[in-house]
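So the chains spell out like this:
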Amino acid sequence: MRDLLDGLDDEQRTAVLAPSGPVCVLAGAGTGKTRTITHRIAHLIATDAHPVSEIMAVTFTTRAAGEMRVRLRALGAPGVQARTFHSAALKQLRYFWPTAVGGQLWPLLENKLRLVAMASRRVGSGTDAATLRDLAGEIEWAKATLAAPSTYQAAAAKALRDPSVAPETVAKVFEVYESVKRDAEQLDFDDLLLHTSAILEDNETVAREFRARYRCFVVDEYQDVTPLQQRTLQAWLGGRNQLTVVGDANQTIYSFAGASPKHLLEFDKTYPEASVIRLENDYRSTPQVVTLANRVIAGAGAGHRFRLKLRAVLPDGPQAVFSEHPDEPTEASEVSAKIAARIEAGMPASSIAILYRINAQSEVYEKALTEAGVPYVVKGGQRFFARAEVRQAMTLVRRAAESAPETHERGGPVLIDQVRELLGPIGLSDDPPPPGALRDRWDSLLGVVSIAEELADAGNEPGLRELAAELEQRSEAQHAPTIEGVTLASLHAAKGLEWDAVHLVGLTDGTLPIQYAETPEQVEEERRLLYVGVTRARTHLHVSWALSRTAGGRRSRRRSRFLTGIAPDAPARAGTGRCRVCAGPLITPGEIKTGRCHNCPSSADPQLVEALKTWRRQRSADDSVPAFVVFSDATLLAIAERRPTDDAALLAIPGIGPTKLDSYGCEVLAVVGRTR
Ligand code: ATP
Ligand code: MG
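- Looking at an unreviewed UniProt entry, the chain carries the name DNA 3'-5' helicase, with the source organism given as Nakamurella sp. A5-74.

What follows is the structure in structure tokens.
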């Protein structure tokens, strides 16, 4: 018993020791919520408050449930049911269905797309893969928020849903989908919860038996509970109050899917007798990481209801590193090189993660890690080359390559046009489609075009055949089975997890916050995603972004607005940096030399500029060379602005190398010295 209370702080212990009844732990990331509930479960068992069989723990993902079972076993409480809502409901329905409905449980529809397609065809709506996935997403949202086909439209309008298919069409497809499914006697995942709650609500006998069996419920990540899950939980409880919930409203990241922190925040209203415990000590992360996490949430503004401050208790660690890169491939290869060095230095690959906002961002990292020889595992999303649209694009390219005559036109620009033309009919429109499955598909297809662009950049007049071979090769190379590897995951899939080193990548405005986050609520959900990302790191946190998507592309991107006041304003990086005055990206060679946009005011002393020009005139006349051979205007201005006092400072100015230093160094330093 001692053991169960060891390794807990006072507040955590209070939560563990609270008698069986309503308990709510409201606390920030890394404060030990998950640890507290596993200890609480083990303690309830050890003190005979509940036998193992009476307890049901639900968590968010299969992986988290698995981890909870492992931890419970280690605490001497094997055999506790730790499941996701869906898997718990499936188990119960299997048992109750014969009594409540009759016969065996209807089979589970693993993938609803076929039925959605059938329904969509009947309604006369689109049946392409992207539309079907959007329709399926809307149907899932509707069911998660307890909307029926007849109430979907009103609910969607109220929730400001903006599906790519007209809401009245969604409602019709939803209705037909439900009736086709019922006629076929099949269930989708959400039906598992709907039927479980309906049976427990309506069938006295079943409810009595269920409630005699299960008497204690524990829910992790309660901030992201959907109305459907909440209804199921209430049906399980049947008016009882043996419920422990833990959550962090600042980590609500599934609002778009119908989840809401309301139930967590109003727990003490629902159960006035509840023990509400707040944890503040962050046991996961170094003070450096904790400070950043607090700043991210503080950025949410004064009106923010549930700001919780984390208190750092671990020893100091390294400062977070922020880095800006000219383009995504460079960002990815630098991140990969850093990771390779960490692994080389002895850090296990599995304690490192790269986290991004959308799954489409994984491709460039998959490639860079492969090139760096670093093993990785992609979580919560399909690998780039496993995505249906990417496979489809590869087939199209291969077929076109096979049927193209030998004499077919070749070369970079031609190839890119050909690829765009090939991929147009499968979803690569000129303009990006609105958010949703169509947009994901578009992003993936654009990834294929960027591979063609890279091939074209490499020269050798590539044609479709070379592209087909390149795609094949890349897809092979990335299929290496990996178990012990760096985790690649979306921020959504990273919740609840932790790593020693975390790289948050691609943090540009438009990606985080994602471009389609328009309302203040949507933008705040994006900020919470950053908070979730930052708080995954135990020790090393590395934040990066790139100013252009492709190598050599226009540097039109800006770092995420959430980084203002968090990252240093102008990371010093010669050649790829930002303006010293306005912090905007530097584009022309002249701007890079002076470290300042050409529109921004120069800090140079005009007298020094004049003195340097006079010296240059003299020197070029003496050597019989044109003035610019000595120094360009931009270099001269850079010298005047930076006022170097030694050789090292001179060498740090772009445009001055060892040869120029040898020829002019002493004279320039003398001119600068004279006008001090
Ligand atoms: P999240 O909000 O991200 O899910 P959490 O609140 O569930 O975080 P845990 O995962 O339970 O946090 O704990 C974070 C880390 O801190 C874990 O490695 C855990 O073992 C450790 N930890 C928690 N409490 C303590 C404690 N009292 N002493 C030492 N380590 C602790
Ligand atoms: Mg947790």
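Digging into the packing of aromatic side chains
Then, in step 1: Enumeration over the complete set of coordinates arrives at 13 aromatic pairs.
Then, in step 2: On the basis of an interplanar angle of 10 degrees and a centroid distance of 5.8 Å, the ring pair of phenylalanine 217 and tryptophan 236 is categorised as stacked. With phenylalanine 217 in strand 4 (residues 216-219) and tryptophan 236 in helix 12 (residues 227-237), the pair connects residues that are 19 residues apart, well separated along the chain. Comparing phenylalanine 217 with tryptophan 236 shows no difference in burial state: the two are buried.

Digging into the domain arrangement of the chain
Many authors give the size of an interface as the accessible area that is lost as the parts come together.
Then, in step 1: Under the domain assignment, the chain is made up of domain 1 (2-94 + 193-279), domain 2 (112-186), domain 3 (384-477) and domain 4 (606-674).
Then, in step 2: Using only C-alpha atoms to locate each centre, domain 2 and domain 3 end up separated by 32 Å.

Focus on the sheet that holds strand 12 (residues 486-490)
Then, in step 1: Ordered in space as 9-14-13-10-12-11, the six strands form an open sheet in which the pairing is parallel. Each edge of the open sheet carries a strand with a single partner, namely strand 9 (321-327) and strand 11 (376-379). Ignoring strand direction, the axes of neighbouring strands in this sheet form an average angle of 20 degrees.
Then, in step 2: In this sheet, strand 13 (residues 499-504) lies alongside strand 10 (residues 352-356) in parallel orientation, the contact comprising four bridges. When the bridges of strand 13 are listed, alanine 353 appears paired with valine 502.

Things to note about the UniProt feature "binding site: ATP" (unreviewed entry) in the chain
Then, in step 1: Mapped onto the present numbering, the UniProt feature "binding site: ATP" (unreviewed entry) falls at Ala27, Gly28, Ala29, Gly30, Thr31, Gly32, Lys33 and Thr34.
Then, in step 2: As for its position among the elements, alanine 27 is in strand 1 (residues 23-27).
Then, in step 3: If near-sequence neighbours (up to four positions away) are discounted, alanine 27 is found in contact with Lys33, Gly247, Asp248, Leu279 and Leu308.
Then, in step 4: Following the sequence through the fold, glycine 32 ends up in the loop between strand 1 and helix 3 (33-46).

Focus: the nonpolar core
Then, in step 1: By size, the foremost hydrophobic cluster in this structure holds 42 residues, and its most contacted members are Phe322, Leu355, Leu504, Val534 and Leu541.
Then, in step 2: Of all the secondary structure elements, the ones that give two or more residues to this core are helix 15 (287-298), strand 10, strand 13, helix 22 (520-534) and strand 14 (537-548).
Then, in step 3: Of all hydrophobic cores here, the second largest spans 37 residues; its members include Leu193, Val206, Trp236 and Leu243.

Focus: the sheet that holds strand 4
Then, in step 1: Ordered in space as 3-2-4-5-1-6, the six strands form an open sheet in which the pairing is parallel. Two strands close off the open sheet at either side, each with one partner strand: strand 3 (81-84) and strand 6 (275-279). If you compare each strand with its neighbour and ignore which way they point, the axes differ by 15 degrees on average.
Then, in step 2: In terms of strand pairing, strand 2 (residues 55-59) meets strand 3 through four bridges, oriented parallel.

Some thoughts on helix 3
Then, in step 1: If you check helix 3, its first and last C-alpha atoms are 20 Å apart, about what 14 residues at 1.5 Å a residue would give, namely 20 Å.
Then, in step 2: The buried fraction of helix 3 is high, at eleven of 14 residues.
Then, in step 3: What helix 3 keeps buried is the set Lys33, Thr36, Ile37, Thr38, His39, Arg40, Ile41, Ala42, His43, Leu44 and Ile45.
Then, in step 4: A positive backbone phi angle near 65 degrees is found at aspartate 48, which sits one or two residues after helix 3.

So, the site of ligand 1
Then, in step 1: Lining the immediate environment of ligand 1, one finds 19 residues, of which Lys33, Thr34, Arg284, Glu498 and Arg536 sit closest.
Then, in step 2: Taking threonine 34, its side chain carries an N or O atom lying 2.8 Å from an oxygen atom of ligand 1.
Then, in step 3: Here glutamine 251 contributes a side-chain N or O atom positioned 2.8 Å from an oxygen atom of ligand 1.
Then, in step 4: Taken by itself ligand 1 offers 640 Å² of open surface, and the protein chains cover 85% of this.

Focus: the confidence of the model for the chain
For residues with low pLDDT, the predicted coordinates do not support detailed interpretation.
Then, in step 1: Residues at a pLDDT of 70 or more form 91% of the chain, whose mean pLDDT is 87.
Then, in step 2: The spread of mean pLDDT over the elements of the chain runs between helix 23 (residues 589-594), the lowest at 70, and strand 13, the highest at 98.
Then, in step 3: Predicted confidence for residues 478-483 stays below pLDDT 50, and this span has 14 contacts to residues more than four positions away or in other chains.
Then, in step 4: Note on residues 571-575: pLDDT under 50 across the span, and ten contacts to partners over four residues away in sequence or across chains.

Regarding the packing of helix 5 (residues 85-100) against helix 10 (residues 189-202)
For any two helices packed against each other, one specifies the crossing angle of their axes together with the interaxial distance.
Then, in step 1: Relative orientation of the contacting elements helix 5 and helix 10 amounts to 55 degrees, with a least axis distance of 9 Å. Taken together, the axes of helix 5 and helix 10 lie oblique to each other. The way helix 5 lies across helix 10 gives a crossing that is left-handed. Counted together, Phe85, His86, Ala89, Leu90, Gln92, Leu93, Trp97 and Ala100 of helix 5 and Phe189, Asp190, Leu192, Leu193, His195, Thr196 and Ile199 of helix 10 form the full contact between these two elements.
Then, in step 2: Partitioning the contact of helix 5 with helix 10 into residue classes produces ten nonpolar, four polar and one charged.

Definitions and cut-offs
Residues numbered from 1 in each chain as written. Chains lettered and ligands numbered in written order. Predicted model: local features only at pLDDT ≥ 70, side-chain atom pairs only at ≥ 80, totals over all residues. Heavy atoms only, no water. Phe/Tyr/Trp six-rings, centres within 6.5 Å; stacked < 30°, edge-to-face > 60°. Helix = DSSP H or I, 4+ residues; strand = E, 2+ residues; numbered from the N terminus. Buried < 20%, exposed > 50% of the residue type's maximum accessible area, 1.4 Å probe, protein only. Domains from an automatic or database assignment. Pairing = 2+ DSSP bridges. Axes fitted to C-alpha atoms, helices over the stretch in contact; angles between N-to-C directions. UniProt positions renumbered as here; feature names shortened; annotations may be inferred. Contact = heavy atoms within 4.5 Å. Core = buried A, V, L, I, M, F, W, Y, C linked by side-chain atoms within 4.5 Å. Expected span 1.5 Å × (residues − 1). Near = heavy atom within 4 Å. Polar contact = N/O pair within 3.5 Å; in protein donor to acceptor, adjacent residues only side chain to side chain. Areas by Shrake-Rupley, 256 points an atom, 1.4 Å probe, with all protein chains shown as cover. pLDDT = per-residue confidence, 0-100. Parallel < 35°, antiparallel > 145°, perpendicular 65-115°, else oblique. Left-handed = near helix turned anticlockwise from the far one by under 90°. Nonpolar A, V, L, I, M, F, W, Y, C, P; charged D, E, K, R; others polar.

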